[in-house]
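Okay, here's what each chain looks like letter by letter:
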Amino acid sequence: MTLPRKHLFELPDGVIYLDGNSLGPLPKGAMARAQTTIEAEWGGELIRAWNSADWISLPTRVGDRIGALIGAPAGTVTTGDTLSIKVYQALAAALKMRPDRKVILSDAGNFPTDLYMAQGLIDTIGKDYELRLVSHDEMCEAVTDEVAAVLLTHVDYRSGEMYSMEGMTAVAQDHGAVMIWDLAHSAGAVQVEMARTGAEFAVGCTYKYLNGGPGAPAFIYVRPDLIGHVEPALAGWMGHDAPFAMDPTYSPAMSIERMRVGTPPIVQLSILDAALDVWDGVRMADIRAASVDMSELFIAEVEARCPQLTLASPADLAERGSQVSFAFEHGYAAMQALIDRGVIGDFRPPDIMRFGFTPLYLGREDVLRAADIIEEVIGKELWREEKYQTRSRVT
Ligand SMILES: *Cc1c(COP(=O)(O)O)cnc(C)c1O
């Protein structure tokens, strides 16, 4: 089933876009909104727009809309900065909540920036802290009473392997650890119920499945009962209880706004706000069902036609997010050959070809067409051409 939303996106002819897990396409409404924000609001209203266009509350208004997609109640999500910053904020706040514990536990395969930010935080606060990394399969056992915070990406960026959010949160909390979920590959992709899960924090970006555009601001969720207590390590003025009192002493807002830092990126936030319109009336259960259907079809077709490729995602659909990865020794060149033929996915080292499935604008017919092209590129070894061998800076 194709959800009848494709017309809401600007997609070039002849492209089958299987990279919405990395950078979502342009929603048509975003262009009009950017124009309004720039021309009428910035151009016409000038500084008055902070009030007249209510720019000042845009981070939390957009946060509430994202909250609706991840099962988080109003007033628990705000937006701004980048995901790397939000990871740092959540981790720093979590460590303050467990001052007697010195271990941050994460997945050795986690997205590098999550690990770098954890290491950077540790280097700043003191060497008696430790970042402990184990594999997905060892995670439950690795949660001990030494662990202050468990930082995990719900859906692995390379393999698409998905943690059981409820199960893992329960294990962390049973041992007294604070649970932080990175929803970079979950928000807008799979069903997430933050409120029911009970995890303390979640963070995510909005330029992947939420189609907010390159550099779109990140989001952070804090469990409602903690919002008035978490200590914001990045104590910026926009998180102050009364930013325009210009008080020389910091006192955090008693709302989720305490997780704001500085002046919000209004143009990008407006674009994101408009991009979120494509979700109006969409049920995440339907998105998930359509994504699973396309992923299963894709795996069956590619495995049948291309024995050279090895499935690098879980075969069990319940353990997989909304992407399918195949390992192939010549994966980089093969992906360049596919992109040249309109099938846009991406490559992650050492040998992973990634394909994302986004039911808002893809259907079974796209999957079958993509499989035809993959079969041709792999079967005829079209990737051998010289021009596909040179690596660009962004893969
Ligand atoms: C995409 C992604 C990021 C990117 O972080 P930015 O600060 O937005 O560049 C971080 N973590 C995970 C798990 C990701 O998938």
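In this convention, every chain numbers its residues from 1, walking through the sequence in written order. Local features in this predicted model are restricted to residues of pLDDT 70 or higher, and side-chain atom pairs are both shown and tallied only at a pLDDT of 80 or more, whereas totals for entire chains, interfaces and linings draw on every residue. Note: side-chain values were computed over all heavy atoms of the structure, leaving out hydrogens and water.

**Some points on the overall build of the protein chain**
Counting from the N terminus, the helices are the DSSP runs of H or I reaching at least four residues and the strands are the DSSP runs of E reaching at least two. Scanning the protein chain from N- to C-terminus turns up 12 helices and 15 strands. Taking the principal axes of the C-alpha coordinates as reference, the protein chain spans close to 70 × 55 × 40 Å. Per-residue accessibility, obtained with a 1.4 Å probe over protein chains only, is compared with the maximum for each type, and a residue is labelled buried under 20%, exposed over 50%, and partly exposed between these values. Out of the 395 residues belonging to the protein chain, those deemed buried represent 55%. Surface accessibility follows the Shrake-Rupley procedure with a 1.4 Å probe radius. Residue values consider only the protein chains on display as shielding. Put simply, the protein chain shows about 16300 Å² of open surface, and 54% of that area lies on carbon and sulfur atoms. Of the side chains in the protein chain, 34 bear a positive and 54 a negative charge, and the two mean positions are spaced by 3 Å. Charge counting follows a simple rule: Lys and Arg are positive, Asp and Glu are negative, and His as well as the terminal groups are ignored. Charged side chains are reduced to one point each, which is NZ for Lys, CZ for Arg, CG for Asp and CD for Glu.

**Let's talk about the environment of Thr36**
Relative to the elements of secondary structure, Thr36 occurs in helix H1 (residues 28-45). The class of Thr36 is partly exposed, set by a relative accessible area of 37%. Distance in space between the C-alpha atoms of Thr36 and Val62 is 17 Å, their sequence separation being 26 residues.

**Quick look at the sheet that holds strand E9 (residues 201-204)**
By definition, two strands form a pair when at least two bridges between them are found by DSSP. An order of E4-E10-E9-E8-E7-E5-E6 is seen for the seven strands of this open sheet, with the pairing classed as mixed. Since the sheet does not close on itself, it has two edges, and those belong to strand E4 (77-80) and strand E6 (130-134), each with one partner. Sheet twist, expressed as the average angle between the axes of neighbouring strands with direction ignored, equals 20 degrees. By the bridge criterion, three bridges tie strand E8 (residues 178-182) to E9 in an arrangement that is parallel. Among the inter-strand pairings, Asp182 is bridged to a residue of E9, identified as Val203. Any pair of residues with heavy atoms lying within 4.5 Å of one another is described as a contacting pair. For helices, the fitted line uses only the C-alpha atoms of the stretch in contact; every axis is such a line through C-alpha atoms, and the angle between N-to-C directions lies from 0 to 180 degrees. Together, strand E5 (103-107), E6, strand E7 (147-153) and E8 form the strand contacts of helix H5 (residues 112-125), whose direction differs from that of E6 by roughly 155 degrees.

**What about the site of the ligand?**
Summary of the distance rule: residues count as near a molecule or strand when at least one heavy atom falls within 4 Å of that molecule or strand. In the vicinity of the ligand, the contacting residues are Thr82, Leu83, Ser84, Phe111, Thr113, Asp114, Thr153, Asp182, Ala184, His185, Tyr207 and Lys208. For this analysis, a polar contact is any N or O atom pair within 3.5 Å, provided that within protein one partner can donate a hydrogen and the other can accept it, and provided that sequence-adjacent residues contribute only side-chain to side-chain pairs. In the environment of the ligand, a nitrogen atom lies 2.7 Å from a nitrogen or oxygen atom belonging to the side chain of Asp114. Side-chain polar atom of Asp182 to a nitrogen atom of the ligand: 3.3 Å apart, as the coordinates give it. The protein chains hide 86% of the 390 Å² of surface that the ligand would expose on its own. Residues are grouped as follows: Ala, Val, Leu, Ile, Met, Phe, Trp, Tyr, Cys and Pro are nonpolar; Asp, Glu, Lys and Arg are charged; every other residue, Gly included, is polar. Among the residues making up the shell around the ligand, the classes are represented as four nonpolar, five polar and three charged.

**A closer look at the sheet that holds strand E12 (residues 323-327)**
Within the open sheet, the four strands sit side by side as E11-E12-E15-E14. Their pairing is antiparallel. Of all strands in the sheet, those with a lone pairing partner are strand E11 (310-311) and strand E14 (346-348), marking the two edges. Across three bridges, E14 lies against strand E15 (residues 352-356) in antiparallel orientation. Pairing of Arg348 across the sheet is with Ile352, part of E15.

**Some remarks on the pairing of E4**
Burial along E4 is two-sided: Val77 and Thr79 and Thr78 and Gly80, pointing in opposite directions, are all buried. Relative to strand E10 (residues 218-222), E4 runs antiparallel, the two sharing four bridges. Opposite Val77, over in E10, you have Tyr221 as the bridge partner.

**Some points on the packing of H1 against helix H9 (residues 266-275)**
If you want to describe how two helices pack, look at the angle between their axes and the distance between the axes. Here H1 crosses H9 at 145 degrees, and the two axes come no closer than 8 Å. Regarding H1 and H9, the two cross each other, and that crossing is right-handed. Contacts between H1 and H9 involve Gly29, Ala30, Arg33, Ala34, Thr37 and Ile38 from the former and Ile266, Val267, Ser270, Ile271, Asp273 and Ala274 from the latter. For the contact of H1 with H9, a count of residues per class yields seven nonpolar, three polar and two charged. Crossings are classed by handedness, with left-handed meaning an anticlockwise turn of the near helix from the far one by less than a right angle and right-handed meaning a clockwise turn.

**Re the domain arrangement of the protein chain**
As a measure of interface size, the accessible area lost when the parts come together is often cited. Here the limits of each domain have been adopted from an automatic or database domain assignment. When its domains are assigned, the protein chain resolves into domain 1 (6-27 + 283-388) and domain 2 (54-279). Spacing between the C-alpha centres of domain 1 and domain 2 amounts to 29 Å. The partner domain 2 presents 23 residues to the 31 residues of domain 1 that form the contact. Any carboxyl oxygen of Asp or Glu within 4 Å of a side-chain nitrogen of Lys or Arg constitutes a salt bridge here. One can count zero salt bridges joining domain 1 with domain 2. The tally of links between domain 1 and domain 2 comes to 11 residue pairs in polar contact (both at pLDDT 80 or more). Those elements that place two or more of their residues in the side of domain 1 that touches domain 2 are helix H10 (284-305), E12 and E15. Residue contributions to the side of domain 1 that touches domain 2 peak at four residues, all from H10.

**Re the packing of aromatic side chains**
For any two aromatic rings, the description comes down to two numbers: the centre-to-centre distance and the angle of the planes. Whether two aromatic rings pair depends on their centres lying within 6.5 Å, for rings of Phe, Tyr and Trp, where Trp uses its six-membered ring; planes under 30 degrees apart make the pair stacked, over 60 edge-to-face, and the rest tilted. The final tally for this structure, using the stated rule, is 10 aromatic pairs. Ring geometry for Phe298 and Phe357: centres 5.0 Å apart, planes at 55 degrees, overall tilted. Of this pair, Phe298 sits in helix H10 while Phe357 sits in the loop between E15 and helix H12 (364-379), and the two are 59 residues apart along the sequence. Here the two residues Phe298 and Phe357 agree in accessibility, since each one is buried. Through a chain of ring-to-ring contacts, three or more aromatic side chains come together here, namely Phe298, Phe326, Phe355 and Phe357. Criterion for a charge above a ring: Arg CZ or Lys NZ at most 6 Å from the ring centre, at most 35 degrees from the ring normal. Taking NZ or CZ as reference, Lys208 lies 5.3 Å from the ring centre of Phe111, over its face.

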